[in-house]
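Structural characterization, general
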Amino acid sequence: MTAVAGPSEAAIDVEGLTKEYGGRAVVSGLSFRVDRGETFALLGPNGAGKTTTVEIIEGYRRPDGGSVRVLGVDPAHAGRDHRARVGLMLQGGGGVDPRMTAREVLQLHGRFHAAPRGADELLELVGLVGAAAGSRFRRLSGGERTAGMDVEARAATLGLIGRLRDEGVTVLLTSHDLGDVEKIADRIAIIDRGRLVAIGAPSELAGSSTSVRFRLDAPLSQSDLANLSARVSPVVVEDGVRYRLDGGLATPALLAGLAGWCEARGVLIVELRVGGSLEERYLELTGGVSDPESELDP
């Protein structure tokens, strides 16, 4: 979703948003703000409330409570002038007549906006040139339709989002590809079960992970694992000789205790890592568990 905001207003302002389906809360008091020209990612497991939240921001679905403003307007009551400033990219090419060519699709959707770019310019930006531009949608590959993009198409799309940001366009995106999100998002909001659990820049969220991971030159026995867990911190076996301390903050005392324990048993630490990636922090916050029944269309 993209939007062109004025110089001072927030592009998107969500405050206390709630939504229920059949008496079941899908979004519960969600609040966040997306600033002008910001690339903002909304992340969460399946069923977290992402789709419902984005549909309310689009104006497609009405909230049960709270308020939403997009470019200063309630999207549920927005008129044509507002919608001409907002663009949507549907997942998997939904809503596209399979008989239309790529150029015809762009020409049609361009008519929904006040000052659209030329279809040929946009086709060149995304690499759909030559025969592909005149191919019917049903004959395009999955990558050409934007689902399951290959490496080159993915890089081109990330570059395009970056250029839109440079032009002052606000971008709200959802994705399960955390690597791409970490590269392009200015800020990230992570939601779980309809509630905000973290918000910040990718580096802030990744750096807030307190995990301690280490790799040894030999696997530990069950008795060694029990002893290390009792003396230093609970230990989780991740893969063969890779382990994670699961008992709290990564303090100097904790790391010294781990090193001392390994020294006493003649075990070499060949790799030690404190903190983690965005993916690790995401899994810590959400538990890595999806709830597919918590976000169903009524």
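Residues numbered from 1 in each chain as written. Predicted model: local features only at pLDDT ≥ 70, side-chain atom pairs only at ≥ 80, totals over all residues. Heavy atoms only, no water.

1. Description of helix 1 (residues 50-58)
Summarising burial for helix 1: seven of the nine residues are buried, a large majority. All of the buried residues along helix 1 are K50, T52, T53, V54, E55, I56 and I57. Against strand 2 (12-21), strand 3 (24-34), strand 4 (39-43), strand 5 (65-70), strand 7 (169-173) and strand 8 (187-192) lie the buried residues of helix 1. A positive phi of about 95° marks G59, the residue just after helix 1. (Buried < 20%, exposed > 50% of the residue type's maximum accessible area, 1.4 Å probe, protein only. Helix = DSSP H or I, 4+ residues; strand = E, 2+ residues; numbered from the N terminus. Contact = heavy atoms within 4.5 Å.)

2. What to know about the side chain of R61
One can find R61 in the loop between helix 1 and strand 5. Reaching out from R61, the side chain makes a polar contact with the side chain of Y21 at a distance of 3.1 Å. Polar side-chain contacts of R61 include one of 2.8 Å to the side chain of E55. (Polar contact = N/O pair within 3.5 Å; in protein donor to acceptor, adjacent residues only side chain to side chain.)

3. With respect to the packing of aromatic side chains
Each aromatic ring pair is described using two quantities: the centre-to-centre distance and the angle formed by the ring planes. Per the counting criterion, the structure on display carries two aromatic pairs. On the numbers, 5.3 Å between centres and 10° between planes, the contact of F32 with F40 is stacked. Here the two residues F32 and F40 agree in accessibility, since each one is buried. Ring plane angle 25° and centroid distance 5.6 Å describe the contact between F214 and Y243, whose orientation is recorded as stacked. Here F214 is found in strand 10 (residues 212-216), whereas its partner Y243 is found in strand 12 (residues 242-245), with 29 residues between them in sequence. For F214, a relative accessible area of 2% translates into the label buried. Accessibility expressed as a relative area gives 1% for Y243, which makes it buried. (Phe/Tyr/Trp six-rings, centres within 6.5 Å; stacked < 30°, edge-to-face > 60°.)

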